[in-house]
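Listed here are the chains, written in short residue letters.
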Amino acid sequence: ADASTAGDSPFSEWWRRSAPPPDLAHDLQFRACPVCQHLAGMTADFFAHWQYALYVDDRARRDHAAHRGFCPQHAWQLEALSSPVGVAVGQARLLENYARALAAAANAPSPGQFLRGLVQDQAHCRLCQQIRGMEAAYIARLAAYLGETENRDNYARAQGPCLRHLAMLVSQGKDGALAEFLLRAAAKRMEAMAGDLHAFGLKSEGLCRYLLNGDEQDAPWRAVTHLAGLRNLCLPPGG
């Protein structure tokens, strides 16, 4: 059987083995968005595995080539964790596949359109699709967790999700009370974070940085991550 088929894919096999259900109570203790943190952690673990698999396992190389690699963002994330020899060994088959496709384009009736179909993007990158699926599953699980009133105190004490994931979470709510709770909690957190930013600026300008408390010290980082999500997480559009 072809290594690229879903049931025999090294890519799919890794995700089936290595994606345990999230521990939401634990994840809510993160200073960053818990959804971003979970997805970034799983993606980093995958890249650490996949760069090695491409070096030692011809099944993984055939699988990777059959799916045209990853989108540009994920291709660069993979490269960042790979050695030059790892890229050389792991990507040669992929380049051979593209060479054959480019040769075929010479005889295509619309070469430009044919080439555009070869370009890997987020809509067709299977890692983007995997992350999008994990993202939706996590949001659904978190919404169900918050459907239990006793879990909301834990959430209220947490830093909460970034704006993207807050929007997805609010959309999951089956009643207005949960949406109101989520939005009021988010507004309270943002207001507190703004206060921490003011304190950081004032104490830094006054050479009193040693007086910064824990919330003030990481306020600039928390502000950006809660507005934009984690920098090291490449999320496909949508959601």
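Residues numbered from 1 in each chain as written. Predicted model: local features only at pLDDT ≥ 70, side-chain atom pairs only at ≥ 80, totals over all residues. Heavy atoms only, no water.

K.L.:
Help me out: how do you make sense of the overall build of the protein in this one?
P.N.:
If you tally the helices and strands in the protein, you get 13 helices and 0 strands. In sequence order, the secondary structure elements of the protein are arranged as α-α-α-α-α-α-α-α-α-α-α-α-α. Counting the 239 residues in the protein, one finds 41% classified as buried. Just so you have it, the protein exposes about 12900 Å², and 58% of that area is on carbon and sulfur atoms. (Helix = DSSP H or I, 4+ residues; strand = E, 2+ residues; numbered from the N terminus. Buried < 20%, exposed > 50% of the residue type's maximum accessible area, 1.4 Å probe, protein only. Areas by Shrake-Rupley, 256 points an atom, 1.4 Å probe, with all protein chains shown as cover.)

K.L.:
Explain unusual backbone geometry to me, please; I cannot follow it from the model alone.
P.N.:
What you tend to see is this: most non-glycine residues have negative phi, and most peptide bonds are trans. Residues other than glycine seldom take positive phi values, yet Arg68 does so here, at roughly 60 degrees. With respect to the helices, strands and loops of the structure, Arg68 is situated in the loop between α4 (58-66) and α5 (72-81).

K.L.:
Can you walk me through the layout of surface pockets in this structure?
P.N.:
Quantified by volume, the largest pocket comes out at close to 280 Å³. As for the largest pocket, its lining consists of 17 residues, and the residues nearest its centre are His64, Phe70, Ala75, Gln91 and Leu94. Elements with a contribution of two residues or more to the lining of the largest pocket: α5 and α6 (84-105). Considering each element in turn, the lining of the largest pocket owes the most residues, 5 residues, to α6. The residue inventory of the lining of the largest pocket, partitioned by class, reads 10 nonpolar, 5 polar and 2 charged. (1 Å grid on protein atoms, 1.4 Å probe; cavity = no way out; pocket = protein on both sides within 12 Å on 5 of 7 lines; lining within 4 Å. Points joined across faces, edges and corners; volume = space filled by probe spheres on them. Nonpolar A, V, L, I, M, F, W, Y, C, P; charged D, E, K, R; others polar.)

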